[in-house]
Amino acid sequence: MNCPRLKDWFEERYDWKGIKRLAKEKFVPEHRYDLWYYTGGITLFLFILQFLTGMLMALYYVPHIHFAYESIIEIVTKLNMGWFFRSLHHWGAQLAIVFLFIHLFGTLLLKSYRKPREMVWVTGFVLLGISIFFGLSGYLLLWDERAFAAVRVATGGAGAFPVIGGFLKAFLRGSIDVTGDTLLRFYAFHVAILPIITLALIGLHILLVQFHGMSVPLSLEGKKRRDIPFFPNVFLKDLMIWLVVFGVVVTFAVLLPPEIGVKADPLAPPPENIKPEWYFLFMLETLKLFPGTILGFNGETIAILCVTVGILFFFLIPFLDRKSSRGEKSPLFTWIGVMYIIYFIVMTAVGFLS
Ligand code: HEM
């Protein structure tokens with residue numbers, strides 16, 4: 001029987017030429033900072049891993065206060081490799097946030113956000129916010145006492161936000177306190193709403209990168225350099241790096257499976273020394289710097305306002321850094337970037353140690 005090859009089958013039906021040309025035309029600048037280019041790809045790989053392991057767990061997880069905790073116990077004790085996939089999902093999430101921050105700080109220091117790539121930065125920044133909400137919503141799904149207490153503190157903190165705080169708290173909790181309604185709501189966010197928005201935004205982010213091509217650091221612009229083809233050179237390097245990252249996630253997953261605490265009891269006092277996920281620590285430590293009242297105003301509200309202004313400024317950097325958009329050096333924004341990085345690392349470390 002004449003069995004045409006798969007490639008011929010497609011070529012007879014679809015015109016691949018456009019895509020082939022696009023792939024052939026994609027080049028990446030080679031220079032001493034080009035390692036940063038791989039951080040976005042690593043983040044992408046970790047997101048794919050999260051989708052796959054999350055889908056597997058969704059087959060068994062039950063989003064109800066009477067069964068959520070028990071269903072996770074069942075996943076890790078009764079299902080073949082269930083503990084491993086849960087552990088992969090946990091460590092994949094941690095590393096995804098680590099690489100998101102590395103990717104963000106890399107693009108910040110290389111000023112890849114400058115004109116015409118402002119919207120690449122904007123879509124990336126929204127993705128960071130969504131990823132943090134992914135973490136918070138996923139944390140509650142375990143429904144153990146630590147997750148319960150942490151989400152109670154986080155959603156309570158959202159309530160201190162001026163003007164919209166009350167609405168925000170009620171919207172997040174879906175009820176007057178953290179209850180089964182909150183669990184169901186966080187589940188819907190975690191497995192349906194956030195993934196759909198994330199897929200659309202990652203698509204847009206990467207499409208914009210393809211549209212503009214990779215940026216060249218300001219200090220190397222106009223200097224002689226080599227451009228290397230994305231297919232196969234950079235792509236193969238991407239795959240090799242992903243393999244190493246996968247090895248790291250698997251190692252963590254096998255050696256340090258995440259703990260499961262005592263089942264949440266909304267009427268019990270919160271456990272001592274509860275800590276949110278590490279990427280919230282810098283915010284928590286910042287809030288602690290402020291006294292209870294400042295000139296008669298609620299200190300927490302003022303602290304939240306200050307953090308919001310800090311984040312907003314960070315978000316708007318591509319539009320504020322006029323010099324780098326004109327192709328001129330802008331050491332002020334390099335220093336601002338470095339200050340943000342140092343502040344984030346120091347406050348996170350203080351949060352860990354306190
Ligand atoms: C789910 C999260 C994200 C994914 C999957 C992702 C993925 C990528 C990929 C694959 C690239 C192209 C290669 C590279 O530079 O590494 C890229 C470029 C870029 N990303 Fe992201 N990214 C994410 C989040 C972010 C965040 C949080 C920011 C900053 C706020 C950001 C800003 C940028 C910029 C400015 C570029 C262009 C780099 C250049 O042209 O040199 N991204 N991203």
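A few points on the structure. (Residues numbered from 1 in each chain as written. Predicted model: local features only at pLDDT ≥ 70, side-chain atom pairs only at ≥ 80, totals over all residues. Heavy atoms only, no water.)

Another point: the overall build of the protein. Secondary structure summary: the protein contains 15 helices and four strands in total. If one aligns the C-alpha atoms of the protein with their principal axes, the spans along those axes are about 65 × 65 × 35 Å. For the protein, the residues scored as buried account for 40% of the 354 residues in total. At a minimum sequence separation of 6, the contacts of the protein that also span at least 24 residues come to 78%. For the protein, the accessible area works out to roughly 20400 Å², and carbon and sulfur atoms hold 72% of it. (Helix = DSSP H or I, 4+ residues; strand = E, 2+ residues; numbered from the N terminus. Buried < 20%, exposed > 50% of the residue type's maximum accessible area, 1.4 Å probe, protein only. Contact = heavy atoms within 4.5 Å. Areas by Shrake-Rupley, 256 points an atom, 1.4 Å probe, with all protein chains shown as cover.)

For the rest of this paragraph, the subject is the site of the ligand. Near the ligand there are 25 residues, and of these Tyr 37, Gly 40, His 103, His 205 and Ser 215 occur at the shortest range. Separating a nitrogen atom of the ligand from a side-chain N or O atom of His 103 is a distance of 2.8 Å. Arg 117 is positioned with one of its side-chain polar atoms (N or O) 3.4 Å from an oxygen atom of the ligand. At the level of elements, helix H3 (37–58), helix H5 (82–109), helix H6 (118–141) and helix H9 (180–212) are the ones that each hand at least two residues to the shell around the ligand. Residue composition of the shell around the ligand, by class: 14 nonpolar, ten polar and one charged. (Near = heavy atom within 4 Å. Polar contact = N/O pair within 3.5 Å; in protein donor to acceptor, adjacent residues only side chain to side chain. Nonpolar A, V, L, I, M, F, W, Y, C, P; charged D, E, K, R; others polar.)

So, about the pattern of salt bridges. Two side chains with opposite charge may pair up if their charged atoms get near one another. Applying the stated rule across the entire model yields twelve salt bridges. The shortest N-O distance in the salt bridge between Asp 227 and Arg 225 comes to 2.8 Å. Put simply, Lys 288 and Glu 285 hold a salt bridge, and the shortest N to O gap is 3.0 Å. Of this pair, Lys 288 and Glu 285 both sit in helix H11 (residues 281–288), three residues apart, roughly one helical turn. Among the residues examined, Lys 288 registers a relative accessible area of 53% and is labelled exposed. Residue classification places Glu 285 among the buried positions, given a relative accessible area of 7%. In the salt-bridge network here, residues are joined through shared partners; they are Arg 152, Arg 173 and Asp 177. (Salt bridge = Lys/Arg side-chain N within 4 Å of Asp/Glu carboxyl O.)

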